[in-house]
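Observations on chain architecture
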Amino acid sequence: MNHHKNPEKIKGMVSRRKFLSGTAAAMALTIVPAHVLGKDAPSNKLNIACIGVGGVGASDVKGVESENIVAMCDVDWHWAAKTLERFPKATKYWDYRKMLEKERGVDAVVISTPDHMHAPQAIMAMKMGRHVYVEKPIAHTIYECRKMTEIAREMKVVTQMGNQGRAGEGIRLTYEFIHDGAIGTVREVHSWSNRPIWPQGIDRPKDTPKVPDTLDWDLWLGPAPYRPYHPAYVPFKWRGWWDFGCGAMGDMAVHNADPAFFCLGLKAPYAVEAQTGPVNNETLPEWQKIKYYFAARGDMPPVTMTWWDGKKDGKPNMPPRPVGLEEGRKLDTNGIYFVGDKGTILCRGWSSPPRIIPESKMKEYQRPPKTLKRSIGHYKEWIQACKDNKPEDALSGFAYSGPFTESLLVGNLAVRLGKRIEWDAKNLRATNAPEADILINKKYRVGFEI
């Protein structure tokens, strides 16, 4: 373990005298939560602690910086340096557990760490009564998604997953178009991404380079089985490793496939099939085609959704060109399209606005009234919901994003096991594959259990 690092050695970082993590000074820090003070508090701002502030974490910090950022935690101070420097008054920590225990005045926690850390961090925070914002996907395993959803409901905390497009205009317009009958009855959906943009289909490296002074490798591993440090994992490249990430499913399906679940009212699939490149026990394959089967919902018929990602034979692994797409017009690198019995709706990635194809039909279409409530913004709605103690006002709260992510991750079971999965969502079981149990609910290293 690398708990003996000297922050004075980290270029541009706060001095050891000011570094309060694990000291009596940190314990003495007293902040009265905004929800205790009430709405008449002088600032009416949330006291927020952030876990993981490099990379996408920097964007999440920016999204909530209107509030009081009182504490920050990161295990890689080189990667997080710029963000840590921006908030000199925030107490700095290596270990999220120490931060959550000592910062008793925290109202809400923003978690922007690798997938395998989400559940231990979010569950600890929620059990302490803190609201949580968790980057996508909300969890690393299907069981974690279910448990986080249940704890959020039991603790009555406000939650949000970082699929920012869920708050946008595009996904609302897509819903309104489909429910207006713009393309008739939908029975087929295709969604895709240019991910992975990191290595996959590779084995574990054999060499064991020195751990950088600015990284606490043991804390970075957290609940994952121990392995030696290597830059093949951190930063960023962890997404392709089974022990740490969920691949493109966790990185982009939570964005690009979101309109299918929201607009068509999809629940859990009853079966999932996958075709992929070579699969191993270390990393996800170089390409995937994953087909989800959904039952009828009310007056909506059964529907299939096929997910495409990666490169196959050196070419992007993309869905077939939809009928009506003009000659010479290419599909974007990320997106989704809905096939109805009267036409097709095409959207770019990240839940972008819909277009009926061809464009001539789009120009003729009389847009329906705006029937859905519009969002004040992805981060703003979470912040306001926290202040109002209204979990239902955070539109990608775990009540929605938990089951959504559960369903997507059934696809990873089909990929890893190389077989069709018959899925029993109620009991979280692959009825035809008992060997999936260890993947649905994994084991944890001591000290990082959920």
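Residues numbered from 1 in each chain as written. Predicted model: local features only at pLDDT ≥ 70, side-chain atom pairs only at ≥ 80, totals over all residues. Heavy atoms only, no water.

Some thoughts on the confidence of the model for the chain
Under the convention used in this document: Values of pLDDT, ranging from 0 to 100, describe the predictor's confidence in every residue of the model. Contact between two residues is taken to exist if any of their heavy atoms lie within 4.5 Å; hydrogens are not considered.
On average, residues of the chain score 92 in pLDDT, and 90% of them are at 70 or above. Across residues 1–42, confidence stays below pLDDT 50; counting only partners more than four residues off in sequence or on other chains, it has 71 contacts.

Overview of the pairing of strand 8 (residues 271–276)
This is how it is decided: DSSP-based pairing: two strands are paired if at least 2 bridges between them are found. For the purposes of this entry, the term helix denotes a DSSP run of H or I that reaches at least four residues, the term strand denotes a run of E that reaches at least two, and both are numbered from the N terminus.
Pairing between strand 8 and strand 9 (residues 287–294): six bridges, direction antiparallel. When the bridges of strand 9 are listed, Gln 275 appears paired with Lys 289. Relative to strand 15 (residues 421–424), strand 8 runs antiparallel, the two being bridged by two bridges. The partner of Ala 271 across the bridge, within strand 15, is Glu 422.

Side note on the pattern of salt bridges
Heads up, the condition is: The term salt bridge refers to a side-chain nitrogen of Lys or Arg lying within 4 Å of a carboxyl oxygen of Asp or Glu. The buried label applies to any residue whose accessible area, calculated with a 1.4 Å probe on protein chains only, is under 20% of its type's maximum; exposed applies above 50%, and partly exposed to all values in between.
Taken as a whole and judged by the stated rule, the model has 24 salt bridges. For Arg 86, the salt bridge is made with Glu 65, and the minimal N-O distance between the two is 2.4 Å. Residue Arg 86 is found in helix 4 (residues 77–86), and its partner Glu 65 is found in the loop between helix 3 (56–64) and strand 2 (68–73); the two are separated by 21 residues along the sequence. Look at Arg 86 and you get partly exposed, because its relative accessible area is 44%. The partner of Asp 251 in a salt bridge is Arg 195, with the nearest N and O atoms 2.9 Å apart. Linking Asp 251 in helix 10 (residues 247–256) with Arg 195 in the loop between strand 7 (186–192) and helix 9 (217–221), this pair joins segments that are 56 residues apart in sequence. Side by side, Asp 251 and Arg 195 carry an identical accessibility label, which is buried. Residues joined by salt bridges that share partners form a network here, namely Asp 115, Lys 136, Arg 195, Arg 239 and Asp 251.

As for the pairing of strand 10 (residues 303–312)
Among the ten residues of strand 10, eight are classified as buried, and the element is accordingly described as predominantly covered. Bridging between strand 7 and strand 10 involves five bridges; their strand directions are parallel. From the neighbouring strand, Glu 188 faces strand 10, where its bridge partner is Thr 304. As paired strands, strand 9 and strand 10 are joined by eight bridges and run antiparallel to one another. What sits directly across from Tyr 293, in strand 10, is Thr 304. Taken together, strand 10 and the strand that follows it, strand 11 (residues 315–316), pair antiparallel across an intervening segment of two residues, in which Asp 313 is found at a positive phi of about 55°.

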